[in-house]
Each structure stands twice: as structure tokens, then as C-alpha cells.
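# Overview (structure and organization)
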Amino acid sequence: MFEHFAQFFFFLDLIAFIAVIGMHLVKSNTNIIRLYFLQSLSVGVLLFSVGLVEGEHSLLWIGVLTLVIKSIVAPIFFARLLRRFSAQQSANNYLSVPLTLFVLLLLVLFSYSNTFLPLGVLAPEALGSISLGLASVFMAIFLLINRRGAFSQMIGILALENAIVLLASFIGLEQPIALEVGIIFDIVIWIVIATAFISMMYRQFKSLDVSRLTHLRED
Amino acid sequence: MNTLLFIFQLLIVPALSPLGIGFIRKVKARMQNRVGASVFQPYRDLWKLFQKDEVISEDASWIFRFSPYLIFAITILIGASIPVIAAVPVALDFLPSFSFLPAGDFLVIIYLFALMTFFLALSGMDTGSAFGGFGSSREMMVAALAEAGLLFSLLAVSVTAESGNVVAMVGNLQYLPLQALFPLLIAFLAFIIALLAENARFPVDNPATHLELTMIHEAMILEHSGKRLALMEWAAANKLLIFILLAVNLFFPWGVSLSYDSFSGLLVSTLLVVGKSAILLFGIAFLESTMAKFRIFRVPDLLLTSFVLGVIALAISITF
């Protein structure tokens, strides 16, 4: 049963992968939110459809919950946040675009190299998806390192979390429903805390650029 | 019968290419709330140019006089060797060894285009006008950077299809499972960026202006007039149609007929190819209506993106 839908799952994996590449390239925060929406959508649809295919109710519920929280509530929340700070445009990299792309290339080649071949034992039929998921994880970590804006870094962590969920679902590491719901709840709390920090930072420094934090201010 | 198909294959691209340009202009006009000229206007423009007298600078060398013919001939050759509605190599009845098959190798196609760009740039510089010079220098910069993306996106297709010939690639890809074609989505993005750069389209060049700050392709053909200008314009239209056909037939190979025998099969394949090409042309027109041209120093970023996407697609399709 699973094999018939492998194509569809791989397609969703690919969409999430392209979304993470896009997050490195776009210049505006609004577009990063759109790409995050795309990535979350593919993760949610993937969990939901795996639940349908395998007939597991718990995965169905988690898929729906992921769709609602990550691809509807969070993007709307972020978009309102950006409008409040009018920070739609402040997304910069430390590295230039060519260097960023070069690093992305190296990360993809690394995750497709023999280093991670032992992981294939876990799910031999989905080796391509596992490599792609690993590449997404690495690229999301690099997004955290490379971005200047606090907001993009926040999206970077969420993208990393999405990539890990994707990778885990391909390897077949499903957790009991209580734990999965707990993780999603954690993410909601995490978004709220990060938003609070970003608001405080904006009030103090009038900017979301983390490289400005080196100059202390007193007033 | 084979001879007829041979002639059909030879003429189909130059016959339809002005229509592609006309379609893009019509869509752009509609998006700007204008009625716009008829989609057949480029044919009339070509006809008018062929009637006109020519002015050639007395400093022009043989390169200036010769290159329009060479450039046009190259587009005809490539147009004849790519699959249009059927992925079948054709040859003359009385001369079976004379076929366009060898020119259908994707490396040959890329380097024939490079030869075309080379002579275009040379003829731009030949008369010594300042416009031609900067047009050529910009064109060579864009061409050198776009080539990597073009090469690697087609290489990813070639590796997936296990063939180097575009005609065979289309046939082989149709037998692969859908899953094996997904990495080609990334290669398709790379190819589209290379397509826009190679054909002097937004966001690299503005095809509708003669403003010295922005023009690349138009600057090179500024000194041409009359019949030679008509050939240059026609060759540019052919090149765009060839890229469109490569994009729709290689990356979305479904529906391309694998023989010339069945009439209904050819009908379906014609409808599909026309439909897919129209969608892509509409996409280009939409892009040109909604985005601004890049600064020339941001163009390398875009073309490097194309290159890296091509290599990523290659890496995924090799290990797949």
C-alpha cells in the first residue's frame, strides 16, 4: 500500500526541499513566510496522507493539527507581527548570494554522500527521500547561521523543525499521539516566547537585525 | 513520406516562431489594459523588413554581412533536430544517411547556440558603434554565466533519461516512473532561468526597449536594417520557440508522440504541445508584466542560482 503512494510522498518532500532553498534566496520577510507556509503545508499533507494510507487515526489528527497550527495560524500571526513592525523587507544574509548557493550545494552533496548511507537501513525503499530530508535539515540549520534578521532566524528554527518531522516520518519514527501533540503545543509556546523577545528587541533597538545587538543602549 | 516529414520538421519552427512572439506581446498588452496588435503582427513586421532597402556602414567587414545568414541557419538546424510534436528522427527517402540526428545531442545544441551568440556579438562590435560594443560585452557576460545553468539542467535530464540526444531523451523519459521525473522539477527551474537569460527576456534584458541603459540584444542588432535585420529578428524568435519546445518536451514529456504513424496520436500530441507551450509563453508574459528588470550586477546572482539548482538536480537524479 505504502509503495503506491511513495511517488506522492516524494513529491511533497521535494516541495518542502525547494521551499527551504527558496528561503535562502528571497529578499523580503513576507516571501519567507509564504515559503514557510508552503513547507508546513507539504508536511501537514504528508502526515495526513500517511495517516490515511496506513489507516492510523492518530496520524490523521496530527496532520490536521499541523496544518491548522503551522500553515494557517502561524503564518497569519507572523504576517501581523511584520505589519506591526513594518519590517516586511529586512532579510539579509551574512554571505553573498553566490557563496550562499555554493554552501547549499555542498550541503546537498554532503547529505547525498556515503556518510549517511547507513541510515538507509531504516527505510531502504525511501533512501532518496531520506537524503532529501537530511539536506533540508542541513539547509535549515544554515539558514539560522546565515541570516541577519531575528525574524528570519525564527523562521529558520521552525523550518528546521518541519524538516526533522519530515525526515522522521520517512524513517518511520512515529511517536505516541500524546507526545506528538505535546511537540506541537511546545511549538506554539515557542512562537509566543520568540515573538515576545522580538517585540522587546524591536522596542529597544528599533530594528530586527541581530548584528545591531552588539551596540549596547541605555535609555 | 519521409521526405515530407523531413520538410515539415525543417519548416515548423521558423513557421511558428513569430506567432510565439506575437502571443507574448498580446498577453502583455492585455495585462496593461491595451488591445495590442494582432498575434500575427510579427509576420507582417518580418514581411515589411524583407521589402526594405538596407543601409550598411562602409566600415562593416564580411562578418557583419555574413553573420545574419549564419545565425538564422543555426536556428533552422537546431529547430529541425529537436522533437516538436513527435520524438522521431527523420531522414530523406533517397538519402537515408542525411539526418538531423547528430545535431540533436544536447551538448551540440548548447554549443551551436554559443556559436550563434559569438557571431551575434562579433557583428555587434564590427561597425565600431558604441552601442554595439556594450551590447556585445553585456551579451557575452550573460551568455557565459547562463551556459552553466543550461548545461547542468539538461545534463540532469540526460542522466535521468540515459541518453544524450534530445529526441531519444523524450522517448526514454516517457517510460520512466513518475517518481524518477521529480528531480527534473528543480532542473526545470534552472532551465527557465537560463531560458530567460539566453533569450534576452525579463529580468535580464528588456526586449521592448531601445534605452541604452537596459538593452543587450537590441544594442547588438542596432546597426542592422532591412533583410538582415529581418533575419536577426526571425532568428531570435526561432531561438525562443526552440527553448520553449525543449522546456515543454523534455521536462514534461507526456503526450509527445513516439511515431508518425497514427493520426489521432499526432493530433493529441499537437494539442498537448501547443497547450503546454501556450502556458509557458503566458508565464513569460506574466513575469514580464509583474516584475522589474534586475540591475546588471544582480544578474550573476540569478544565473548562479540557475547553475546551483542544475547541479542539485543532477546530484538528486544520479543518486535516485
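Along each chain, numbering runs from 1 in the same order as the chain's sequence is written. Think of it this way: whatever chain is written first is A, whatever ligand is written first is 1, and the rest follow in order. With the structure being a predicted model, the display of local features is reserved for residues of pLDDT at least 70 and the display and counting of side-chain atom pairs for 80 or more, all residues being used for whole-chain, interface and lining totals. Water and hydrogen atoms play no part in the side-chain values, which are based on all heavy atoms of the structure.

All right, on to a positive patch on the surface then. Residues and elements named next belong to chain A. To count toward a patch, a residue needs a relative accessible area above 30% and no salt bridge. Like charges then connect within 9 Å, nonpolar side chains (Val, Leu, Ile, Met, Phe, Trp, Tyr) within 5 Å. Methods summary: accessible areas were calculated by the Shrake-Rupley approach with a probe of 1.4 Å, and residue burial reflects only the protein chains presented. Just to be clear on terms, a salt bridge is a Lys or Arg side-chain nitrogen sitting within 4 Å of an Asp or Glu carboxyl oxygen. We treat Lys and Arg as the positive residues and Asp and Glu as the negative residues; His and chain ends play no part in the count. Just so you know, the charge point we use is NZ for Lys, CZ for Arg, CG for Asp and CD for Glu. A grouping of Arg80, Arg83, Arg84, Arg203 and Lys206 is seen on the molecular surface, where their side chains present a positively charged patch. The helix count covers DSSP runs of H or I at least four residues long, the strand count covers runs of E at least two residues long, and both are numbered beginning at the N terminus. Among the elements that make up the positive patch, the one with the highest residue count is helix H3 (residues 57-85) (three residues). Mapped onto the fold, Arg203 is located in helix H7 (residues 177-205). Working definition: with a 1.4 Å probe on protein chains only, accessible area under 20% of the residue-type maximum means buried, over 50% means exposed, and in between means partly exposed. Look at Arg203 and you get exposed, because its relative accessible area is 59%.

Judged by nonpolar contacts, the single largest core of 157 residues is most densely connected at Phe17, Phe78 and Phe151 of chain A together with Phe191, Leu250 and Ile312 of chain B. With 17 residues, helix H10 (residues 226-251) of chain B is the largest single contributor of residues to this core. Those residues in contact with Phe78 of chain A that sit more than four places away from it in its chain are Ile33, Tyr36, Phe151, Met154, Ile155, Leu158 and Ile191 of chain A. For our purposes a nonpolar core is just a set of buried Ala, Val, Leu, Ile, Met, Phe, Trp, Tyr and Cys residues, chained together by side-chain atoms within 4.5 Å. Counting ten residues, the second largest nonpolar core, distinct from the first, contains Val204, Ile216, Phe294 and Leu303 of chain B. Here, residues are in contact when the closest pair of their heavy atoms is within 4.5 Å.

A separate point is the confidence of the model for chain A. Per-residue pLDDT for chain A has a mean of 81; in total, 92% of the residues score no lower than 70. Every residue carries a pLDDT, the predictor's confidence in it, which falls somewhere between 0 and 100. The least confident element of chain A, judged by mean pLDDT, is H7 of chain A at 82; the most confident is helix H5 (residues 127-146) of chain A at 87.

We now examine unusual backbone geometry. The general pattern is negative phi for most residues beyond glycine and trans for most peptide bonds. Residue and element names in this part refer to chain B. For the bond from Phe202 to Pro203, the omega torsion is -5°, close enough to zero to count as cis. With a phi close to 55°, Glu162 is a non-glycine residue in the positive phi region. Relative to the assigned elements, Glu162 resides in the loop between helix H5 (130-161) and helix H6 (166-174). One non-glycine residue, Ala200, adopts positive backbone phi at about 55°. In this fold, Ala200 is placed in the loop between helix H8 (183-198) and helix H9 (217-220).

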